[in-house]
Structure formats: structure tokens, C-alpha cells
Amino acid sequence: KERARNASSVETDDWIVLQEGETEFSGYDSLSSETHILRYRKVKQKNSEFYQIVLSKTPFYAEMGGQTGDSGVLISDSERINIFDTKKENSLSVHLVAKLPENLSAKFIAEVDAEKRKAAECNHTATHLLHAALRKILGTHVEQKGSYVSADVLRFDFSHFQKPDSQELREVEKLVNRSIRENLPLCEYRNLPINEAKAMGAMALFGEKYGNSVRVVKFGESVELCGGTHVAHTGNIGSFRIISEGSVAAGIRRIEAVTAENCEKHLYIQQDIMLEIRDMFNNVPNITQTLQKFFAENQELKKTIDDFKKEKLAQMKTELARQIKNIRNINLLVLNMNIHTEIIKDIAFQFRGEYTEKFVFAAGNIEKNKPNITLMLSDDMVKNGYDAAKIIRSAAKHIQGGGGGQPHFASAGGKNPDGLIAAIDEIRNVFTM
């Protein structure tokens, strides 16, 4: 959504052409290239300005196929210009910079941030291994429906008719890690006729359009049409861990996972959580058994407290029943008490169950320094034209608040505790005057 909002507010100047030519992509084989600038233009987006640069030769991968664009530097003899992102626009690779080089005609070295690229490659290759593992564990009906690959995380959307259980996800994770330990080499086929690629069993990515010549990426049993960058061997990934799985649409599931260094970070976070939990229980040897005992005791305590509450509520209700007054042939109970709103609501419904005719329950209370009012009517009072929601909305003005509900039950909250007595008096007057 944020990208869509940003795109709608973009203003771009015309391209300023320095040299004619097309960009040569060298990023599959190298992370740096000698180059020069072919064209550039200024871009305004919201309150910021930056520039788009097109190079004659670039190792920078432009965002495409779910993989985020590279960042890095553009180096000349006199300066270094940071490239903070690389995008694909109308088949054109554009490099985003905050400022232009002083000498636009200079020769440059375009150099990719190697660490960030490597992390993205680990995640991208892992999506291929994940796809193959899902098809093996869940079934060949599984198809990729989208992906997002950055240096930090990978997201993989796939078709499946139900939520995979924890054991299935564990088997998928184990299968991916097995492929990583096998250190499978990258088998790459560039400019392969599309018919030959399909004959190899290459799987196309969801939503991608392919020409007559394609690139095929193969790691063991995983064979896919792909234009992204990948590790040379699966062993470079190090490790793979699923961190979440859920539904994103009908019949579409999403897995989020981490690899390599981010997988280590995730593991350390989990270990730290376990250490904190152990410290809370004085480093007991069997933390699972201790937690089970703790939760069982907690449930027992909650039951005891609930029983105590019910007993106190019954006592309170008996005492309050003595305060019911019969005015104009109406059983009226008006309270101003500093007890929890939920308790007042519970009492109101209990009284309503016992007093089925000509009964009015009105209460005011202050909870966390905020005033609240509650009104309950028996069904015959509603039939006689009284509406709890309308009455409470009027009374709520005294406490600088608002409320509503149904004709038989309504409540309101406000921010002026000093007006609570006036609010309750107004409600009382409706039925006594």
C-alpha cells in the first residue's frame, strides 16, 4: 500500500541523454563493472528528491521477480556516489541516487554491496529449495503464487487447500536444510529456448511473462525459470528456518523464513527467550514440566477467584435488592458505586432475569478516573416507549461523553467525573417525574 501511495505521488523530469546505448547486465558473473552514464533524470516523490541513472554496464540487479534491487556505490577518481536502490522501469535498469556525480562524463566503477547481495541470494535460492520441498511434502498441486526476497527475509506464497500442520512444516524445513548440506551446485542455462526449458521440467514463476529465450536455474531436483541472482552452491546458505506460516487468501498460504546470518540471529533470540524463562523459574532442569505445573496452578487459582467473585456478587446483589424503590409503580434501583463496569453489567443482567416487569436499573461508577453510566430496562418498559439508548445518550452529556446500545440495555463513558451525579439524576427523573 505504501509503495502504491508513493508511486501515485511521483513526478519525473525528462531524461537527459549523455550517450546513446543499452545497458549490459553483468551481475550474474561480477559485483563490479567499469561503466559510464548513459542518461539521468530528477524524480520528486512527496517531499524528497532523488535521481535515476542509467549505466552502460551494471552489476546491479534491478528489483524484479520478487527479489529486491541491489544497492552499492558508483566510484570515480574524485568521488563516491551511493546507489541506494535499483529498479526496473519499462525494461530499463535505473539506479537511484540522492545526488548526481559532479562529472557526469567520467568513467566509473559500479560496485554492488556484496554482503547485502549475498544475503539476498541466500534467501532467493532458499525459495527454490522451499518450493521443491513443499511439492514433495504437501503434493505436486503446490504452485508458487508470489514471493518477496530481500537481504533480511523471504516470503513465499503457494497454493494449498488447507493449513499445513506443524509436523509437515518441520519436514519441509528439514528437507530444505538437507539440500543445503548437500551443497548442490548452481546449474545455470542462459538464453535457452523456452521449449527446451519446459522440456527440462522448468517451472515458471507466478505472474511472470517469458520471451522466446529464458534463463533456467537448477539446484538438484529444483528446476525453475528465473532471472534472479543465486548462490554458487546451496551450502553457502548455511541454514534455513521457517518463522511463520499463514493464510493470505482463499487457497493461498504464505511462509516467511530466514537463512544464513539472520537464521543465527533468530536462533539466538529463541535461546535468549528460553534463558529468560529458565531464570524466572530458578533454572529448573525440566522447564516444560515446570510450566505445565505453573499453568495448572494458575487455572486452579483463577477458578478459586471466580468462585469467590460469584459469592461476593451474590452477597452484593442481596444487599442491593434492599435498595429497590417502588416509585410510580416502577421498581427502580439507582446506584452510584466505585466498582468495575463489568461487575455492574453482570449485576444488571442478573436483576433483569429476576425482575421481568416494571424494572429499571441505573448505575454510575468511576473506573480509571473515567465516569461510566449503565442503564437496564425490563421488556415491558421498552414496550411502554422507554429507550435505554436514547436516555443514556442524553445523560452522557453531563460527563462529556457518549454512548448507546439497545432499547433494553445501554452504557456510556465520558471524561468529566464531576458530572456523574447530574447524569444519574437525569436518568432517575425520566422515571420519577
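Residues numbered from 1 in each chain as written. Predicted model: local features only at pLDDT ≥ 70, side-chain atom pairs only at ≥ 80, totals over all residues. Heavy atoms only, no water.

S.K.: Is there a simple way to explain unusual backbone geometry in this structure?
M.R.: Excluding glycine, most residues fall at negative phi; most peptide bonds, likewise, are trans. In this structure, Asn183 takes a positive phi of about 55 degrees despite not being glycine. Within the fold, Asn183 resides in the loop between helix H3 (166-181) and strand E14 (187-193). Positive phi outside glycine occurs at Lys368, with the angle close to 55 degrees. Examined against the element boundaries, Lys368 turns out to sit in the loop between strand E21 (359-367) and strand E22 (370-377). (Helix = DSSP H or I, 4+ residues; strand = E, 2+ residues; numbered from the N terminus.)

S.K.: Would you take a moment to explain the sheet that holds E14 for this structure?
M.R.: Neighbouring strands of a sheet are bound in pairs by backbone hydrogen bonds; such pairs are parallel or else antiparallel. Across the sheet, 3 strands lie side by side as E14-E15-E16; this open sheet has antiparallel pairing. One side of each edge strand has no neighbouring strand; the edge strands of this open sheet are E14 and strand E16 (222-225). Going from strand to strand, the sheet's axes swing by 20 degrees on average, the running direction of each strand aside. Two elements, strand E15 (residues 213-219) and E16, share 4 bridges in a ladder whose sense is antiparallel. Residue pairing for E16: Val217 is matched across the bridge by Glu224. (Pairing = 2+ DSSP bridges. Axes fitted to C-alpha atoms, helices over the stretch in contact; angles between N-to-C directions.)

S.K.: I tried to follow a negative patch on the surface on my own but got confused; where do I start?
M.R.: Residues Asp113, Glu115, Glu261 and Glu264 make up a contiguous surface patch of negative charge. Within the secondary structure, Glu261 sits in helix H5 (residues 260-280). (Patch = residues over 30% accessible without salt bridge, like charges linked within 9 Å, V, L, I, M, F, W, Y side chains within 5 Å. Areas by Shrake-Rupley, 256 points an atom, 1.4 Å probe, with all protein chains shown as cover. Salt bridge = Lys/Arg side-chain N within 4 Å of Asp/Glu carboxyl O. Lys, Arg positive; Asp, Glu negative; His and termini not counted. Charge placed at Lys NZ, Arg CZ, Asp CG, Glu CD.)

S.K.: Even after reading the chapter, I still don't get the nonpolar core, so can you show me in this structure?
M.R.: Generally speaking, nonpolar side chains in soluble globular proteins are found buried as a group. In terms of nonpolar packing, the biggest core is built from 25 residues, with Leu130, Leu134, Phe158, Val176, Phe240 and Ile255 touching the most fellow members. Mapped by element, the contributors of at least two residues to this core are helix H2 (114-138), strand E13 (154-159), H3, E15, strand E17 (240-249) and strand E18 (252-259). For Val176, the contacting residues outside a window of four places in its chain are Leu129, Leu130, Ala133 and Phe240. Among the nonpolar cores identified, the runner-up in size contains 23 residues, and Leu375, Ala410, Ala412 and Ala423 belong to it. (Core = buried A, V, L, I, M, F, W, Y, C linked by side-chain atoms within 4.5 Å. Buried < 20%, exposed > 50% of the residue type's maximum accessible area, 1.4 Å probe, protein only. Contact = heavy atoms within 4.5 Å.)

S.K.: I would appreciate a short explanation of the pairing of strand E9 (residues 80-89) in the present structure.
M.R.: Judged from the 4 bridges that link them, strand E8 (residues 72-75) and E9 form a sheet pairing that is antiparallel. By the bridge assignment for E9, Leu74 is matched with Ile81. Looking at chain direction, E9 and strand E10 (residues 92-97) are connected through 6 bridges and run antiparallel. Along E10, the bridge assignment pairs Thr86 with His95.

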